[in-house]
Amino acid sequence: MRIEIAQGDITTFEVDAIVNAANHSMLGGGGVDGAIHRAGGKQILAECRRLREDTYPTGLPTGESAATTGGDLPAAHVIHTVGPVWAKTKDKSDELRSCYRTALAVADEIGARRLAFPLISAGLYKWPKDDAIRVALTTLRDTPTQVEQATLVLFDGATYDLARQVAADLGL
Ligand code: AR6
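Residues numbered from 1 in each chain as written. Predicted model: local features only at pLDDT ≥ 70, side-chain atom pairs only at ≥ 80, totals over all residues. Heavy atoms only, no water.

**So, the site of the ligand**
Then, in step 1: Residues in contact with the ligand amount to 20 residues; listed here are only the nearest, Asn-23, Gly-30, Val-32, Asp-33 and Leu-124.
Then, in step 2: Here an oxygen atom of the ligand and a backbone polar atom of Ala-122 are 3.4 Å apart.
Then, in step 3: Bound to the protein, the ligand loses 90% of the 700 Å² it would expose on its own.
Then, in step 4: Only strand 2 (17-22) and helix 1 (31-40) provide two or more residues apiece to the shell around the ligand.
Then, in step 5: In the shell around the ligand, the residues fall into ten nonpolar, eight polar and two charged. (Near = heavy atom within 4 Å. Polar contact = N/O pair within 3.5 Å; in protein donor to acceptor, adjacent residues only side chain to side chain. Areas by Shrake-Rupley, 256 points an atom, 1.4 Å probe, with all protein chains shown as cover. Helix = DSSP H or I, 4+ residues; strand = E, 2+ residues; numbered from the N terminus. Nonpolar A, V, L, I, M, F, W, Y, C, P; charged D, E, K, R; others polar.)

**Considering the environment of Ala-17**
Then, in step 1: Mapped onto the fold, Ala-17 is located in strand 2.
Then, in step 2: Relative accessible area serves as the criterion here: at 0%, Ala-17 is assigned to the buried category.
Then, in step 3: Along the sequence, Ala-17 and Thr-68 sit 51 residues apart, while their C-alpha atoms lie 9.5 Å from each other.
Then, in step 4: Setting aside chain neighbours within four positions, we find Ala-17 in contact with Ala-75, His-77, Ile-79, Ala-112, Arg-114, Leu-115 and Ala-116. (Buried < 20%, exposed > 50% of the residue type's maximum accessible area, 1.4 Å probe, protein only. Contact = heavy atoms within 4.5 Å.)

**Digging into unusual backbone geometry**
Then, in step 1: Look at Met-26: it is not a glycine, yet its phi comes out positive at around 60°.
Then, in step 2: The backbone of Ser-121 shows a phi angle near 75°, a positive value even though the residue is not glycine.
Then, in step 3: In this structure, Ser-121 sits in the loop between strand 5 (114-117) and helix 4 (129-142).
Then, in step 4: The class for Ser-121 is buried, based on a relative accessible area of 6%.

**Side note on the environment of Ala-107**
Then, in step 1: Along the chain, Ala-107 falls in helix 3 (residues 93-110).
Then, in step 2: On a C-alpha basis, the gap between Ala-107 and Ala-21 in space is 15 Å, while along the polypeptide they are 86 residues apart.
Then, in step 3: Beyond its immediate stretch of four places on either side in the chain, Ala-107 contacts Ile-79, Ala-112, Leu-115 and Val-147.

**Here we look at the packing of helix 4 against helix 5 (residues 157-169)**
Then, in step 1: At a closest axis distance of 10 Å, the pairing of helix 4 and helix 5 adopts a crossing angle of 50°. Of the possible angle classes, the one that applies to helix 4 and helix 5 is oblique. The handedness of the crossing between helix 4 and helix 5 is right-handed. Two secondary-structure elements touch here, helix 4 through Lys-129, Asp-130, Ile-133, Arg-134 and Leu-137 and helix 5 through Thr-159, Leu-162, Ala-163, Val-166 and Ala-167.
Then, in step 2: The residue inventory of the contact of helix 4 with helix 5, partitioned by class, reads six nonpolar, one polar and three charged. (Axes fitted to C-alpha atoms, helices over the stretch in contact; angles between N-to-C directions. Parallel < 35°, antiparallel > 145°, perpendicular 65-115°, else oblique. Left-handed = near helix turned anticlockwise from the far one by under 90°.)

This is the structure in C-alpha cells:
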C-alpha cells in the first residue's frame, strides 16, 4: 500500500472512502466529525442511526469501525471509527492502532481501494500529535490490506510539517 501525507480538509478528498474520527454515539460532534456530517449531508446521519439501532445499540466501541454512505461528499463512503481519549497514566496505543486496522478491514469489506485518514484522537481527544502521527504511519505500514493508497490528511500546516518529519524519521 502506498502511504501519502497531505494537508487540507478531508471532506474535499476524492477517494473511495474517508475515515471519520467519531465518538461512541455516531451521531456527530465537533472537529472532523462535525465537518464530515456538515459536508456530507443527512444521509450519513440516517445510516449512522440505523447502524446504532441494528448493530451498535450501546454505541460504536473504541477502536472499532463501521461504514456508511459518503452522502454528498466526493468520497462514496465514510468509515467511522472511535479513537481513545489520551490519558497520561494509561497507554491506550493498542486502541489507537486498532482504529487504523479496523478501518482498513472495513475498507477491504466494501472494496474501497483509496482512503483518506484524519489524525485520529489528536484533536478533542488530546493525543500528542507526534505520537499520533507515529502510530498512524506505522500501523498503516504494518497492516496487511487490499487498500492501494492511504493518505494521512493533516488539517494545519504545522501538523503537516511534523508529519513529514516523522515520516522521514521512519524512512517512509
Ligand atoms: N479535515 C482534516 N482534519 C481535520 C478536519 C478536517 N476538516 N477538522 C479537524 N481535523 P478531532 P478526535 C483534524 O477533534 O481527537 C468529535 O467531536 C484536527 O485538527 O476531529 O479523535 C467527535 O465527535 C485533529 O488533528 O477528533 C469526538 O467526540 C484531527 O482532525 C471527538 O471529536 C482529529 O481531531 C473525537 O476527537
